[in-house]
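Architecture at a glance
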Amino acid sequence: MIFKRKKLTDNQLLHLYKALLRPRVIEERMLVLLRQGRIGKWFSGIGQEAISVGVTEALNSDEYVLPLHRNLGVFTSRNISDKKLFAQWQGKKSGFTKGRDRSFHFGTQEHHIVGMISHLGAMLGVANGIALSDLLDKKPSVTLVFSGDGGASEGDFHEALNVAAVWQLPVIFLIENNGYGLSTPSNEQFRCAQFIDKGIGYGMEAIQIDGNNILEVYTTVSELADSMRKNPRPVILEAITFRMRGHEEASGVKYVPKELFEIWGKKDPVSNFEHYLIQQGILNESLISKIRKEILETLNDGIETVFEEPEIEPNLTEELQDIYAPFSFSATPPSPEKSKEIRLIDAVNEALELALEKHSNLVLMGQDIAEYGGAFKATEGLVQKFGKDRVRNTPITESSILGAALGLSIKGKKAMVEMQFSDFVTCGFNQIVNNFAKNHYRWGVSADVVVRMPTGAGVQAGPFHSQSTEAWFYHVPGLKIYYPSNAADAKGLLLRAFEDPNPVLFFEHKVIYRNYHCEVPEGYYTLPEGKAAVHDYGDEAVIITYGWAVHKALEYVQSENIQATIIDLRTLMPWDQETVLEQVKRCNKVLVLTEDTLTGSIASDIAAWIQENAFQYLDAPVIRIGGLDTPIPLSKTLEDQFLPWNRMKEGLDKLLKY
Ligand SMILES: Cc1ncc(C[n+]2csc(CCOP(=O)(O)OP(=O)(O)O)c2C)c(N)n1
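Structural notes, computed from the coordinates. Along every chain, residues carry numbers that run from 1 in the direction the sequence is written. Since the coordinates come from a predicted model, pLDDT governs what is reported: local features require at least 70, and pairs of side-chain atoms require 80 or more to be given and counted, while whole-chain, interface and lining totals use all residues. The basis for every side-chain value is the complete set of non-hydrogen atoms in the structure, without hydrogens or water.

Some thoughts on the sheet that holds strand β22 (residues 590-597)
- Ordered in space as β18-β20-β19-β22-β23, the 5 strands form an open sheet in which the pairing is mixed. Every interior strand has two partners, whereas the edge strands, β18 (533-536) and β23 (623-627), have only one. Here the average twist between neighbouring strands, direction ignored, is 20°.
- Any two residues whose heavy atoms approach within 4.5 Å at even a single point are treated as in contact. Convention adopted: a line fitted to C-alpha atoms gives each axis, helices being fitted over their contacting stretch, and angles between N-to-C directions are expressed from 0 to 180 degrees. Helix and strand definitions follow DSSP, with helices as H or I runs of at least four residues and strands as E runs of at least two, each counted in order from the N terminus. Contacts between helix α21 (residues 577-587) and the sheet are confined to β18, β19 (541-545), β20 (564-568) and β22, with β20 contributing the most and set at about 170° to the helix. Two strands are said to pair when DSSP picks up at least two bridges between them.

Structural data, given as structure tokens:
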């Protein structure tokens, strides 16, 4: 191995050696503890330390690094104490996630590290958001995100590189090419000879380095980062290395040819660098022992303290509280003096404009949302007023853009992502349910993101442009769901959503966009979440519903003169249990109505809640009415059959006669 020290001083070289040795010593100790049965799982990065350490040492301490499961050296190079790390690994309260997540699955703003979730590829888009924030703030800065060679097969990898290239984001996409993804060798994982070959396809520079040579890693990244700070752009950095141990310790290495260990053993990053430093007269055996001893002493102290720390005493209140980020804002009630009659689409547009004015840190992203104004024209005129930095057209990459939205939040910005149709959110599902929803609970940083979703059937758009997708998210703790039925609510709730630092999924029904209008107060106002609207036409039954179904229920009740009250839930997470209970007590007969397919719907959950909490007030079984449990068909007659409106009438008649 050839080491080129360039202009590095002896002290710098010694510092790099100590930084390189620390994760090795920690890991050796972990392997002993594992054999002793004192710890559980361990993912080893032995043999790959030069990468984690070299890149982290090369970056400024306020530049973000997004490491993976073999990158202990990133954490140690940012001077996180052994005790804190060990507490995290052991699931202790004093760890980074209060025992809520495993090993390297945590972030720390203090150290500018955003750790992984289990899902490979998910953090690549997040790195883009962090870099975008710096770019918007004109802060010369680089973000570095890791991927394994196996993880690079994920669609998220392609999306993230594509977005970074189009937006010229200063991100180093570091691929640790260690030959295996769990048991799968490279030739069963990808067909290209090397990852740098992908650069030209993305329109991106690509550099290959010897990942076992700490000086090559360090000097390459130092020079590259310097140049990227001056001239922001993304770069693929392929570090060639080898995984010297199993995928994780329990899984073994039977499938790896033995000779590979011999070849790569000779390329060990620590012993080679040690040898070089001895040759240079910077290190000697006694100094090595001294350094090792120092590292071990602090480590052992940390380990023993953590072992003594008691297991976590569960605190239910704390567990439930930490799902959402706490925040306070002063609600702005609508002023009734001035209003005008507008459609829901206009109300959304007005709210977006007001939100952009109020929150100077808000960035809107979505397909065709800039000059074109969005598929439904919800963002029309905004780019002209607020510019392309804040109203951003995106490539067709739902997952990566949602990831970028989280990256923006990590840097203190607010983001809105428009799904062209709520159906397409499936392509970004992971970001919402695993990253957004769990981020605050896991390490205390919320996804300050509003995802706007044009939704619903009734426009003969077929199985992939008509679905009601709200129940998919209702099931996931950590998300909020708003679903206004009219323009006035849409405006106030959307503005409320932007005040909230938590992730809000905001549903806009395509039929309501232009077919219904109402008086909408002018200017800025917010409406509270979890507060239903009650349309009181009598107390013979209560229909609990939301969205387009509110209009359908109202039309029927009004036209047939039925003495029923309609509850428009307005927000589904949280939903207004108090008003529901009050009206169940008053009306005693309940129909829960949804346009969504009935099985597993939010309506089903509400019906279950009512029978559990208000059984004694019921004069009839709770009736649930919803869409058919089929995909949503295209033709008008088939779609009419799918939609629940006729069944609603029958259900209500049956209920009233019960
Ligand atoms: C989306 C997803 N699919 C599968 C897994 C299971 N898994 C965890 S690590 C791993 C192998 C990763 O290989 P690579 O990216 O090359 O990184 P390495 O472990 O070699 O460092 C797999 C398949 C996962 N975590 N996430």
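Picking up where we left off.
Some details on the nonpolar core
- The biggest cluster of nonpolar side chains holds 151 residues, and the ones touching the most others in it are Phe273, Met365, Phe436, Phe473, Ile544 and Ile610.
- Broken down by element, this core gets its largest block of residues, 12 residues, from helix α1 (residues 10-35).
- Ignoring sequence-local partners within four residues, the contact set of Phe473 consists of Val425, Phe429, Ile432, Val433, Met453, Leu479, Ile481, Leu505 and Phe507.
- In these notes, a set of buried Ala, Val, Leu, Ile, Met, Phe, Trp, Tyr and Cys residues joined through side-chain atoms within 4.5 Å is what counts as a nonpolar core. For every residue, the accessible area obtained with a 1.4 Å probe (protein chains only) is divided by the maximum for its type, and the residue is called buried under 20%, exposed over 50%, and partly exposed between those limits. Residues Val391, Ile512, Trp548 and Ala553 belong to the second largest nonpolar core, which totals 65 residues.

A look at the pattern of salt bridges
- Put simply, a salt bridge is a Lys or Arg side-chain nitrogen that is within 4 Å of an Asp or Glu carboxyl oxygen. Here the structure, examined in full by the defined rule, presents 43 salt bridges.
- Glu318 is paired through a salt bridge with Lys98; the nearest N and O atoms lie 3.1 Å apart. With Glu318 in helix α12 (residues 316-321) and Lys98 in the loop between α4 (82-89) and β2 (107-108), this pair connects stretches of sequence that are 220 residues apart.
- Salt bridges sharing partners connect three or more residues here, namely Lys93, Lys98, Arg100, Glu318, Glu319 and Asp322.

Some remarks on the site of the ligand
- Near the ligand there are 15 residues, and of these Arg70, Ser118, Gly150, Gly151 and Tyr180 occur at the shortest range.
- Note that an oxygen atom of the ligand is positioned 2.9 Å from one of the side-chain N or O atoms of His69.
- The side chain of Asp149 places a nitrogen or oxygen atom 3.4 Å from an oxygen atom of the ligand.
- Contact with the protein chains removes 72% of the 580 Å² of surface that the ligand exposes when unbound.
- The residue makeup of the shell around the ligand, split by class, is 3 nonpolar, 9 polar and 3 charged. Nearness here has a simple test: a residue counts as near a molecule or strand if at least one of its heavy atoms is within 4 Å of that partner. We call two N or O atoms a polar contact when they sit within 3.5 Å, provided that within protein one can donate a hydrogen and the other can accept it, with sequence-adjacent residues counted only if both atoms are side-chain atoms. Using a 1.4 Å probe, the Shrake-Rupley method yields the accessible areas, and only the shown protein chains count as cover for residues. Side-chain classes are defined by residue name, with Ala, Val, Leu, Ile, Met, Phe, Trp, Tyr, Cys and Pro counting as nonpolar, Asp, Glu, Lys and Arg as charged, and the others, Gly among them, as polar.

Re the environment of Tyr218
- Note that Tyr218 resides in helix α8 (residues 214-230).
- Taking relative accessible area as the criterion, Tyr218 reaches 16% and is therefore assigned buried.
- Spatially, the C-alpha atom of Tyr218 lies 47 Å from that of Leu494, the residues being 276 residues apart in sequence.

Let's talk about the packing of helix α5 (residues 122-136) against helix α16 (residues 429-443)
- Look at α5 against α16: their axes get within 11 Å of each other, and the N-to-C directions meet at 85°. Classed by the angle they form, the pair α5 and α16 counts as roughly perpendicular. Contact residues: Ala122, Met123 and Val126 in α5; Asn430, Gln431 and Asn435 in α16.
- When its residues are assigned to classes, the contact of α5 with α16 shows 3 nonpolar, 3 polar and no charged. Orientation categories follow fixed angle ranges, with anything under 35 degrees roughly parallel, anything over 145 roughly antiparallel, 65 to 115 roughly perpendicular, and all other angles oblique.

Focus on the side chain of Lys589
- Its location among the elements puts Lys589 in the loop between α21 and β22.
- It turns out Lys589 is buried and unbridged, and the closest side chain with the opposite charge, Asp619, is 6.2 Å from it.
- Engagement of the side chain of Lys589 in a polar contact is seen with the backbone oxygen of Leu655, the distance being 3.2 Å.
- Looking at Lys589, its side chain comes within polar contact range of the main-chain oxygen of Leu656, at 3.1 Å.
- Leave out the neighbours within four places in its chain, and Lys589 touches Glu540, Ala541, Val542, Asp619, Ala620, Leu655, Leu656 and Tyr658. All tallies of charge rest on Lys and Arg as positive and Asp and Glu as negative; His and the ends of each chain are not included.

Notes on the pairing of strand β11 (residues 362-366)
- β11 sits mainly inside the fold: 5 of its 5 residues count as buried.
- Residue alternation in β11 divides its side chains into two sets, Leu362, Leu364 and Gly366 and Val363 and Met365, and both sets are buried.
- Where β11 lies against strand β13 (residues 414-418), 5 bridges are found, and the strand directions are parallel. Paired with Gly366 across the bridge in β13 is Glu418.
- Sheet topology note: the β11/strand β12 (residues 391-393) ladder contains 3 bridges and is parallel. Residue pairing across strands places Met365 opposite Arg392, the latter belonging to β12.

A word on the packing of α5 against helix α15 (residues 398-410)
- It is the contact of α5 with α15, at a shortest axis distance of 6 Å, that shows an interaxial angle of 50°. Between α5 and α15, the interaxial angle falls into the category oblique. Between α5 and α15 lies a crossing whose hand is right-handed. Seen from α5, the contacting residues are Gly125, Val126, Asn128, Gly129, Ile130, Leu132 and Ser133; seen from α15, they are Ser400, Gly403, Ala404, Leu406, Gly407, Leu408 and Ile410. Crossing handedness is defined as follows: a turn of the near helix away from the far one that is anticlockwise and smaller than a right angle gives a left-handed crossing, while the clockwise case is right-handed.

Some thoughts on the packing of aromatic side chains
- A pair of aromatic rings is counted whenever rings of Phe, Tyr or Trp (Trp by its six-membered ring) have centres within 6.5 Å, and the orientation is called stacked for planes under 30 degrees apart, edge-to-face for over 60 and tilted otherwise. Using the criterion set out here, one finds 26 aromatic pairs in the structure.
- With centroids separated by 5.1 Å and ring planes inclined at 80°, the aromatic side chains of Trp548 and Trp645 adopt a geometry described as edge-to-face. Pair noted here: Trp548 is in helix α20 (residues 548-559) and Trp645 is in helix α24 (residues 645-657), with a separation of 97 residues, a long-range link. Side by side, Trp548 and Trp645 carry an identical accessibility label, which is buried.
- Through a chain of ring-to-ring contacts, three or more aromatic side chains come together here, namely Trp42, Phe75, Phe86, Trp89, Phe96, Phe104, Phe106 and Phe307.
- Lying over the aromatic face of Tyr524, Lys358 brings its terminal NZ or CZ to 5.0 Å of the ring centre. Lysine NZ or arginine CZ positioned within 6 Å of the ring centre and within 35 degrees of the ring normal marks a charge as sitting over the ring.

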